[in-house]
Amino acid sequence: MAASERTGTMRADEPLLRVENLAKHFPLTRGVLFRRQVGTVKAVDGVSFTLARGETLGIVGESGCGKSTLARLLVRLEEPTAGAAWFEGRNIFEMRGPELRRLRRDLQMVMQDPYTSLNPRMTVGDIVGEPFEIHPEVAPKGSRRARVQALLERVGLNPEHISRYPHQFSGGQRQRIGIARALALNPKVIICDEPVSALDVSIQAQVINLLEELQADLGLAYIFIAHDLSVVRHISDRVAVMYLGRFVETGVEEAIYERATHPYTQALLSAVPVPDPKVRGTRRVIRLEGDVPSPADPPSGCRFRTRCWKAQEICALEEPALMPRDADPHPSACHFAETLEIAEGSGAQEG
Amino acid sequence: MSSTGAGLPVADDMLVAEAPRSLSRDAWDELKRRPIFWLAAALVVLMVLMAAFPGLFSAVDARTAPCSLADSLRPPGPGHPFGFDKQGCDIYSRVIYGARSSVLVGVFSTLITGIVALVIGMLAGYFGGWVDAVLARGIDIVLGIPPLLGAIVVAKALSGQDLGIWPVVLALGLLGWPTAARVIRSSVIAARHQEYVSAARVLGAGHLRIMLRHILPNAMAPLVVVLTILLGQFIAYEATLSFLGVGPRNVISWGVDIAEAQRWIREASYPLLFPAGFLTATVLAFIMLGDVVRDAFDPRLK
Amino acid sequence: MTAAPPLLSVEDLFVSFHTRDGVARVINGVSLQVDAGESLAILGESGSGKSVTAQAIMGILDVPPARIDGGRILYQGRDLLAIDERERRAVRGAGIAMVFQDALSALNPVFPVGWQIAESLRVHEGLSKPEAHERAVRLMERVRIPAARARARDYPHQFSGGMRQRVMIAMALALNPRVLIADEPTTALDVTVQAQIMDLLAELQHDTGMALILITHDLGVVASVADRIAVMYAGRIVEHGDVHAIYERPAHPYTRALIESIPRYGRSRGGPLRAIEGLPPSLTRIPPGCPFHPRCPVRQDICSAEVPPDIELGERRVSACHFAREVLNGRL
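Draft legend 1. Broad picture of the overall build of chain A. Within chain A, the regular secondary structure consists of eleven helices and twelve strands. By its C-alpha atoms, chain A is 65 × 55 × 50 Å across when sized along the principal axes. A total of 351 residues make up chain A; the buried ones form 51% of that total.

Quick look at the structure:
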């Protein structure tokens, strides 16, 4: 495969991945024999972003915001209802057959649950070697075992354990196996869907360090999806905050964490418990009322308005666009975007 | 062993004992300690040996041994532990040689059932949608046919020709699969949603690879259990068919012997007792085996 | 030491589980205490024994395969392990209540929540159905469930995660417990909901003066809410004391390593995190000496040979490390 084929129609400065207005609506049906559609769950409802080579984009959001569905869309485990995505200039949703297979080599995924993401009846060697079986052009038959062992070693596992089964490993080690599997085809982008959420605190740090090390060595780009804001900040260059299927705020990590202008982001930041008892009582307390609205029936206008302390009439009538605001240049979807001091020493002055 | 920044585990060649063990290991350990398992397994092995190598058990070949009416209904005695039947044939050798018919019918019918159930259940469970809708209705339809009745009809239709055990085998095999197919279908549906299946898709695995490599091994356990129990049932069916006179022709069979013996039950009980006893023991052995294996594999009972 | 005896105290508790893989020593000499109005956090990762400690106090351990091998659990002066089952239930029911991590499995799915809350009132206080129902509705209002009266007729699955947790808290509060044990009450919840629930618990504690034992693995939650903290590792308490003191200057290498390993969202991307190497031990094969020594960045020879004693560092502060003082002073 010549270098020209790999770059396709991509120019030098074009982002590796470009997503535009991606949406996934699931039909809500009723009835067993004759299914009537009674509504749609708008799990992802218009998401756009870019990802550059070697960059980490963190996506934070709470349950039901659609981040997992977004991840599945990007690896084509789901087909979108609308929108498009271009990888190296080629539309990934139009790919079929061999072209799609080729894409798989570049775009891989690490999954959340180390206990169910590995086939319990396959050895670790089989699991990490399966990519080579599916894509034999990447590794000729004789060299596979050696490559699998090299991968195991790379992620910090003992290559001699190649014939062991997943149940013989701990959660953190299984996650490393999942990472080794994702690395096998030398991808350019790895989508990490909550890769450390199911791990113990002391193990999370190990796996996060591993991911960062691999990124530095191999020039990987990550889309890092998580609900833990501290972890996301640590690993991301840019961050997007997701709520009810849309991004409500995006920017470099410093902008989001220090100068958040969207009320939801501010509420999130204020809710994260800080592991320092000294700050008790010094932080701004923003508590949201009520529950997250159902994605089958999102509020009109701004989706966050039902829980927002700033909501005005315009919020119900006009949906705020995700665009740069006066308070700070990073895009924020709020008519009344302004920074707020959440904690001592962070955030600009109010107003 | 030191640690790098990436956190190489210190004692990395130590097995993590507290990680959950595999279901098969656990199941095997549990099976090992249950006497029922060993009893049933021993019986099964015995019957299979009997079917395969009847010569090991009986010096007399019941297929060729002469039967003398002078021996009619002679009670058990030296050299003939089970006595003689009405025709004067040695019951012991007939019982031993009768095993073949029953066990072979059981095994082959189960094989056919297993294959058909596997294919249909896998396709229905994996693809879902209209494929599943169509196949599931198919399963329901066949399920509606009483297997014994259906087998009788087929067997009778083909009984004119001397096809040995095959009409019965086919009849049972083609009618017994719906239950097994349903079992497979549910395990496939459950396995289909596992994250490791999604992971395989992300790697670019096609349908066939996913079905064979990822779903099948994880759906096999319940199938094996169902088939083992089914095997026992098929053996009982075969005996019933033979009893009714529509079973395999010109083959020594427990069912045939039972049918014959029950006419003379008031004169002697042993011509009935022994074939019936062996039949019951065999059917029970398979069913018990299936039961105990299913319990061992059921994670909820732990 | 305060003059009055603590409301609840656990003394030298030993619990083991007898499994096919051997005997798992899940709790190895745990002692802790909590006073009225006080908030004690038990911090530990999975396999540390923190949940089993809570279950032992509540008396809901599955006794086989678990086995209480020793120790006392004193509630208002009486040893709960020494009295018979009926008395124990009476004492516990009225005095100690528990909130679990997963409300969905702790609540009965086939009964309306109002009915379930009212049930404990009917059983323990002999209230009539209408009286109990009324109290249940008021409890639901107390935990800020909107439209409580109408929602009392709803089933658990009709509530969101956070609301279900409030229902569980209402149930726990029904009999005015003196001690509330919350086992990872917010782990399964989103961070904004978590904050609401933690606020609620703090408010209730303040209003009722009850003691709170909070079981968690989240260092942030501990720092926001607890007065005192007990850090558990491999079935032992390796350090306990005032929360401010411990976070500022931990006196045990595990506590220190844990605090240093977590990413802080107030800090921009820095270098790699300071991870703790290795894995937590299997409880069937706890390392000799100090259970943390294989992973300890400052281990010495004595650490693999001798179990560290509890070293008192003044002011109700204890650390189970041979070098507690050195760690405290930063010399190790």
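Structure shown, so let's carry the discussion forward.
Draft legend 2. Inspection of the overall build of chain B at higher detail. Helix and strand counts for chain B stand at ten helices and zero strands. Relative to its 302 residues, chain B shows a buried fraction of 43%. A fraction of 71% describes how many contacts in chain B between residues 6 or more apart in sequence connect residues 24 or more apart.

Draft legend 3. Region of the structure containing the sheet that holds strand 11 (residues 311–312) of chain C. Residues and elements named next belong to chain C. One open sheet holds the eight strands; their spatial order is 6-7-8-3-9-10-12-11, and the pairing between them is mixed. Both outer strands of the open sheet, strand 6 (96–99) and strand 11, are each paired with one neighbouring strand and no more. Looking at chain direction, strand 3 (residues 39–43) and strand 9 (residues 228–233) are connected through four bridges and run parallel. Bridging across to strand 9, A41 finds its partner in I229. Most of the contacts of helix 1 (residues 50–58) go to strand 7 (residues 179–183), to which it runs at about 145 degrees, and overall it touches strand 3, strand 6, strand 7, strand 8 (211–216) and strand 9.

Draft legend 4. Molecular detail of the interface of chain C and chain A. Facing 35 residues of chain C, the contacting portion of chain A comprises 37 residues. Of all the elements in the fold, those that place two or more residues in the side of chain C that touches chain A are helix 8 (191–208), helix 9 (219–225), helix 10 (243–248) and helix 11 (253–261) of chain C. In terms of residue count, the dominant contributor to the side of chain C that touches chain A is helix 8 of chain C (six residues). A per-class count over the side of chain C that touches chain A returns 17 nonpolar, twelve polar and six charged.

Draft legend 5. Highlighting the pairing of strand 2 (residues 22–34) of chain C. Residues and elements named next belong to chain C. Bridge count between strand 1 (residues 8–19) and strand 2: ten bridges; the pairing is antiparallel. Residue pairing across strands places L8 opposite V34, the latter belonging to strand 2. Taking the residues that link successive antiparallel strands as the turn, the strand 1-strand 2 hairpin has two residues.

Draft legend 6. Quick look at the confidence of the model for chain B. All names here are of chain B. Overall, the prediction assigns chain B a mean pLDDT of 81, with 87% of residues at 70 or greater. Put simply, helix 1 (residues 23–32) is where chain B has its lowest mean pLDDT, 70, and helix 7 (residues 195–203) is where it has its highest, 93. Across residues 1–21 the pLDDT falls below 50, and counting only partners more than four positions away or on other chains, this stretch makes 51 contacts in the model.

Draft legend 7. Fine view of the nonpolar core. Counting 282 residues, the largest nonpolar core has I223 and V241 of chain A together with V179, I213 and V222 of chain C as the members making the most contacts within it. Sequence-distant contacts of V179 of chain C, defined by excluding residues within four places in its chain, comprise L7, L8, V34, G95, I96, M210, A211 and I213 of chain C.

Draft legend 8. Highlighting the pairing of strand 9 (residues 238–243) of chain A. All names here are of chain A. Burial of strand 9 is extensive: six of the six residues sit out of reach of the surface. Here strand 9 shows no split at all, with R238, A240 and M242 on one side and V239, V241 and Y243 on the other all buried. The pairing of strand 3 (residues 56–60) with strand 9 spans four bridges and is classified as parallel. Looking across to strand 9, one finds that I59 is bridged to A240. In this structure, strand 9 lies alongside strand 10 (residues 246–252), joined through six bridges in antiparallel fashion. When the bridges of strand 10 are listed, Y243 appears paired with R246. Taking the residues between adjacent antiparallel strands as the criterion, strand 9 and strand 10 are bridged by two residues, where L244 takes a positive phi near 45 degrees.

Draft legend 9. Focus on the packing of helix 4 (residues 124–134) of chain A against helix 5 (residues 144–154) of chain A. All names here are of chain A. Contact geometry of helix 4 with helix 5 gives a least axis separation of 9 Å together with a crossing angle of 120 degrees. In this structure, helix 4 meets helix 5 at a crossing whose hand is right-handed. In contact with G125, V128, G129 and F132 of helix 4, helix 5 contributes R144, R147, V148, L151 and L152. Residues of the contact of helix 4 with helix 5, tallied by class, amount to five nonpolar, two polar and two charged.

Draft legend 10. Summary view of the environment of V188 of chain B. Residue and element names in this part refer to chain B. Relative to the elements of secondary structure, V188 occurs in helix 6 (residues 166–192). Since 24 C-beta atoms lie within 10 Å of it, V188 is described here as buried. Not counting the four nearest positions on each side in its chain, V188 is found in contact with G121, M122, G125, Y126, I215 and A219.

Draft legend 11. Highlighting helix 10 (residues 263–271) of chain A. In terms of residue burial, helix 10 of chain A counts as a mostly covered element, since nine of its nine residues are buried. Within helix 10 of chain A, burial applies to P263, Y264, T265, Q266, A267, L268, L269, S270 and A271 of chain A. Check the buried side of helix 10 of chain A and you find it contacts helix 8 (229–235), strand 9, strand 10 and helix 9 (253–258) of chain A together with helix 8 of chain C.

Draft legend 12. Quick peek at the sheet that holds strand 2 (residues 36–51) of chain A. Residues and elements named next belong to chain A. In space, the four strands of this open sheet follow the order 2-1-4-5, with antiparallel pairing throughout. Where the open sheet ends on each side, the last strands, each with one partner, are strand 2 and strand 5 (90–91). In this sheet, strand 5 lies alongside strand 4 (residues 82–87) in antiparallel orientation, the contact comprising two bridges. Its bridge partner being in strand 5, F87 is matched across the sheet by R90. Contacting strand 1 (17–30), strand 2 and strand 4, helix 2 (residues 67–74) runs over the sheet at an angle of about 70 degrees to strand 2.

Draft legend 13. The arrangement of the packing of helix 9 (residues 254–263) of chain B against helix 10 (residues 270–297) of chain B in detail. All names here are of chain B. The interhelical angle for the contact between helix 9 and helix 10, taken along N-to-C directions, is 150 degrees, at an axis separation of 8 Å. Classed by the angle they form, the pair helix 9 and helix 10 counts as roughly antiparallel. When the axes of helix 9 and helix 10 are compared, the crossing they make is left-handed. Only P271, L272, P275, A276, F278 and L279 of helix 10 make contact with helix 9, whose side of the interface consists of W254, D257, I258, A261 and Q262. Within the contact of helix 9 with helix 10, the residues separate by chemical class into nine nonpolar, one polar and one charged.

Draft legend 14. Seen up close, the confidence of the model for chain A. Residues and elements named next belong to chain A. Of all residues in chain A, 92% attain a pLDDT of 70 or more, and the chain-wide mean is 88. Of the regions scoring below 50 in pLDDT, residues 1–10 engages in eight contacts with residues more than four places distant in sequence or in other chains. In the predicted structure, residues 345–351 sits below a pLDDT of 50 and forms 15 contacts with residues beyond four places in sequence or in another chain.

Draft legend 15. The environment of V201 of chain A, seen in detail. If you trace the backbone, V201 of chain A turns up in helix 7 (residues 201–218). With 51 residues separating them in the primary sequence, V201 of chain A and A150 of chain A have C-alpha atoms 27 Å apart. If we ignore the near neighbours within four places in the chain, the residues touching V201 of chain A are E45, H217, L258 and I262 of chain C.

Procedures and definitions
- Residues numbered from 1 in each chain as written.
- Chains lettered and ligands numbered in written order.
- Predicted model: local features only at pLDDT ≥ 70, side-chain atom pairs only at ≥ 80, totals over all residues.
- Helix = DSSP H or I, 4+ residues; strand = E, 2+ residues; numbered from the N terminus.
- Buried ≥ 20, exposed ≤ 12 C-beta atoms within 10 Å, placed from the backbone.
- Contact = placed C-beta atoms within 7 Å.
- Pairing = 2+ DSSP bridges.
- Axes fitted to C-alpha atoms, helices over the stretch in contact; angles between N-to-C directions.
- Nonpolar A, V, L, I, M, F, W, Y, C, P; charged D, E, K, R; others polar.
- pLDDT = per-residue confidence, 0-100.
- Core = buried A, V, L, I, M, F, W, Y, C linked by C-beta atoms within 7 Å.
- Left-handed = near helix turned anticlockwise from the far one by under 90°.
- Parallel < 35°, antiparallel > 145°, perpendicular 65-115°, else oblique.

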